[in-house]
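Below are the chains, spelled out letter by letter.
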Amino acid sequence: MALKKIIQMTKPEFKELKHEELLSDVLSNAKDKSVVSWWWLSVPLYIIAALLMKSMYNPQSSLISEIHELTNKERIFSVMFFLILPIIFMLINILSIRKIHILSESPISFKFLGTVWYNVLIILFSILIILIYVL
Amino acid sequence: MNFPWFKRIGIFFIPATVIGWILFAGEIVFAVYIFRDVDSKSHSVSDSLINFVFYLLISGAVYSLVAWLTSRRYKSV
């Protein structure tokens, strides 16, 4: 009788593993962070676009010289938006990608990059802003 | 601690509660005030828009940060 009961007993079934739930939360959180990063990075990107247009209409100036002029006028603002914030958001997004990579246990492939493409884009934009500022 | 004030749809945080809607309305009122202020000092339409978009992006960034900090964490059942 007892043996019959044991045979009938099955392993507990979970529709979703705890690990999958955790990964889903991490993915959602990473997307939220990348959206906030995008909003904050849109400010320096907008300034760069505006200065680029200004330098195109003014043959004596260039984007770099316009950025230097802005830095001289508004030092704290420019350091904050062109250096500190991009570095912070770059680190946040790198950590998000690393967390997803560890939890998903998958090698870095096109499928993985497809999942985190928005975070990668934010990192690339951050690097672009920092490069334009330090040049 | 989860605050269910906003939910994210795409790159926008949409209010989900009354407090969220109050914050969103505050954002709209601020944008209208800024536009009127910028428009009164500018010399052309492009001058108004260029300066207004700059302030709009900064206020949008602050709004998104507040919304993210107070947004709902959805858990799969």
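Residues numbered from 1 in each chain as written. Chains lettered and ligands numbered in written order. Predicted model: local features only at pLDDT ≥ 70, side-chain atom pairs only at ≥ 80, totals over all residues.

Novice: Just checking my understanding: could you explain the overall build of chain B for this structure?
Specialist: Tallying secondary structure elements over chain B gives two helices and two strands in all. Each helix and strand of chain B, ordered N terminal to C terminal, gives the series β-β-α-α. In chain B, which comprises 77 residues, the proportion classed as buried is 13%. (Helix = DSSP H or I, 4+ residues; strand = E, 2+ residues; numbered from the N terminus. Buried ≥ 20, exposed ≤ 12 C-beta atoms within 10 Å, placed from the backbone.)

Novice: Teacher, can you tell me more about the interface of chain B and chain A here?
Specialist: Reports of interface size often rely on the accessible area that becomes lost once the parts have come together. Contacts between the two partners involve 15 residues from chain B and, on the opposite side, 14 residues from chain A. By residue class, the composition of the side of chain B that touches chain A is ten nonpolar, four polar and one charged. (Contact = placed C-beta atoms within 7 Å. Nonpolar A, V, L, I, M, F, W, Y, C, P; charged D, E, K, R; others polar.)

Novice: What is the right way to read the environment of Leu121(A) from this model?
Specialist: In this fold, Leu121(A) is placed in helix α6 (residues 117–134). The spacing of Leu121(A) and Asn93(A) is 28 residues in sequence and 9.6 Å in space, taken between C-alpha atoms.

Novice: Looking at this structure, how should I read the confidence of the model for chain B?
Specialist: Detailed reading of predicted coordinates is not advised where the pLDDT is low. Residue and element names in this part refer to chain B. With 88% of its residues at a pLDDT of at least 70, chain B reaches an overall mean of 87. Of all helices and strands in chain B, the one with the weakest mean pLDDT is strand β1 (residues 6–9) (88), whereas helix α1 (residues 18–41) scores best (93). For this predicted complex, the interface confidence score (ipTM) comes to 0.83, while the overall pTM stands at 0.81. (pLDDT = per-residue confidence, 0-100.)

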